[in-house]
Amino acid sequence: MHNGTSEEVKKIVSTLNDGEVPSSDVVEVVISPPYVFLPLVKSLLRPDFHVAAQNCWVKKGGAFTGEISADMLKNLDIHWVILGHSERRLLLGESNEFVGDKVAYALSQGLKVIACVGETLEQRESGATMEVVAAQTKAIADRISDWTNVVVAYEPVWAIGTGKVATPAQAQEVHSALRMWLQTNVSAQVAESTRIIYGGSVNGANCKELAGQPDVDGFLVGGASLKAEFLEIIKSATVKSSA
């Protein structure tokens, strides 16, 4: 949800509240509205769904006009935050190091983090995908020791809002390489237990095939989260267990 009015937000929330989805031990659902709607969504959303902010500041509050600190999110009883989204990296110039610092601080404040990594079309075409994604992941790994509250989101920038979706094989290839990177550079245990989710034009039509890939552990959903098909995407969490 990256647009909308209070009325639209309420409508989306009521669709989600009425949705029949697998229980929270099967799939963890996290909704991430813009900052101004966080308290509204938090107050209306069913309790088995969590709420995330789309970003937060790199340290404690202070004279940082316009920024929101992790401490404020905790105060609002928001337990999740998305960090390093490709739009922030590209449009706002957030560096790998800056994102790594943000992740470390948010974790230190007890937040759970969805940390985004991913390459542009230019980087993919020049064969640099893994190099880029590894550098982004390394900047996080260098700054944290406990991965319990980290979910890694692979979002190929060339597939965001473009209608171009990575094929299930392309998604699996990067997810698998990321897991291998974690195994080699962090630990086998972290590689095994860390969820690596896919983000990039996921919709009701392609979610099942993507969800069936061995290293795809869920989705970071953009535009489709504003539509009823988001419920179908949530249900695709059962693909592996029923296979």
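Heads up: these notes are all about the structure in this document. The structure displayed is predicted, hence computed values, not measured ones.

## What to know about the overall build of the protein chain
Then, in step 1: When its secondary structure is counted, the protein chain shows 12 helices and six strands.
Then, in step 2: Here the protein chain has a C-alpha radius of gyration of 17 Å; the compact-globule value for 243 residues is 18 Å, and the two agree.
Then, in step 3: Projected onto the principal axes, the alpha-carbon positions of the protein chain cover approximately 50 × 45 × 35 Å.
Then, in step 4: Within the protein chain, the proportion of its 243 residues that are buried is 49%.
Then, in step 5: Once local pairs closer than 6 in sequence are excluded, the contacts in the protein chain between residues at least 24 apart make up 69%.

## Some words on the nonpolar core
Nonpolar side chains in soluble globular proteins generally cluster together in the buried interior.
Then, in step 1: Val 81, Val 103, Trp 147, Tyr 198 and Phe 219 are the most contacted members of the largest nonpolar core, which totals 64 residues.
Then, in step 2: Contact partners of Val 103, with chain neighbours within four places excluded, come to Leu 83, Val 113, Ala 115, Ile 140 and Ile 144.
Then, in step 3: The next biggest cluster of nonpolar side chains, apart from the first, holds nine residues, and it includes Trp 80, Ile 82, Val 151 and Ala 153.

## Some remarks on the sheet that holds strand E5 (residues 150–154)
Then, in step 1: Sheet architecture is open: six strands sit in the order E1-E2-E3-E4-E5-E6, paired in parallel fashion. Each having just a single partner strand, strand E1 (29–31) and strand E6 (195–198) make up the two edges of the open sheet. Strand-to-strand twist across the sheet, computed as the mean angle between neighbouring axes with direction ignored, equals 30°.
Then, in step 2: As defined by bridge partners, E5 adjoins E6 across four bridges and the pair is classed as parallel.

## Topic: the pattern of salt bridges
Then, in step 1: Scanning all chains against the criterion turns up 13 salt bridges.
Then, in step 2: Glu 7 is the salt-bridge partner of Lys 10, the closest N and O atoms lying 3.7 Å from each other. Of the two residues, Lys 10 and Glu 7 are both situated in helix H1 (residues 6–18); the distance of three residues between them amounts to about one turn of the helix.
Then, in step 3: Residue class for Glu 7 comes out exposed when judged on its relative accessible area of 55%.
Then, in step 4: Its salt-bridge partner being Lys 42, residue Asp 77 comes within 3.7 Å of it at the nearest N-O pair. Of the two residues, Asp 77 is situated in the loop between helix H3 (70–75) and strand E3 (80–83) and Lys 42 in helix H2 (residues 38–44); the sequence distance between them amounts to 35 residues.
Then, in step 5: Residue Lys 42 is classed as partly exposed on the basis of its relative accessible area of 32%.

## Brief notes about the packing of helix H5 (residues 96–108) against helix H7 (residues 129–141)
Then, in step 1: H7 packs onto H5 with a crossing angle of 40° between their chain directions and a minimal axis gap of 8 Å. Between H5 and H7, the interaxial angle falls into the category oblique. As for how H5 packs across H7, the hand of that crossing is right-handed. Taken together, the residues of H7 that come into contact with H5 (itself represented by Asn 96, Glu 97, Gly 100 and Val 103) are Ala 135, Gln 136, Ala 139 and Ile 140.
Then, in step 2: Taken together, the residues of the contact of H5 with H7 sort by class into four nonpolar, three polar and one charged.

Scoring rules and cut-offs
- Residues numbered from 1 in each chain as written.
- Predicted model: local features only at pLDDT ≥ 70, side-chain atom pairs only at ≥ 80, totals over all residues.
- Heavy atoms only, no water.
- Helix = DSSP H or I, 4+ residues; strand = E, 2+ residues; numbered from the N terminus.
- Rg over C-alpha atoms; globule rule 2.2 N^0.38 Å.
- Buried < 20%, exposed > 50% of the residue type's maximum accessible area, 1.4 Å probe, protein only.
- Contact = heavy atoms within 4.5 Å.
- Core = buried A, V, L, I, M, F, W, Y, C linked by side-chain atoms within 4.5 Å.
- Pairing = 2+ DSSP bridges.
- Axes fitted to C-alpha atoms, helices over the stretch in contact; angles between N-to-C directions.
- Salt bridge = Lys/Arg side-chain N within 4 Å of Asp/Glu carboxyl O.
- Parallel < 35°, antiparallel > 145°, perpendicular 65-115°, else oblique.
- Left-handed = near helix turned anticlockwise from the far one by under 90°.
- Nonpolar A, V, L, I, M, F, W, Y, C, P; charged D, E, K, R; others polar.

Such coordinate-based values are descriptive only and should not be taken to indicate function.
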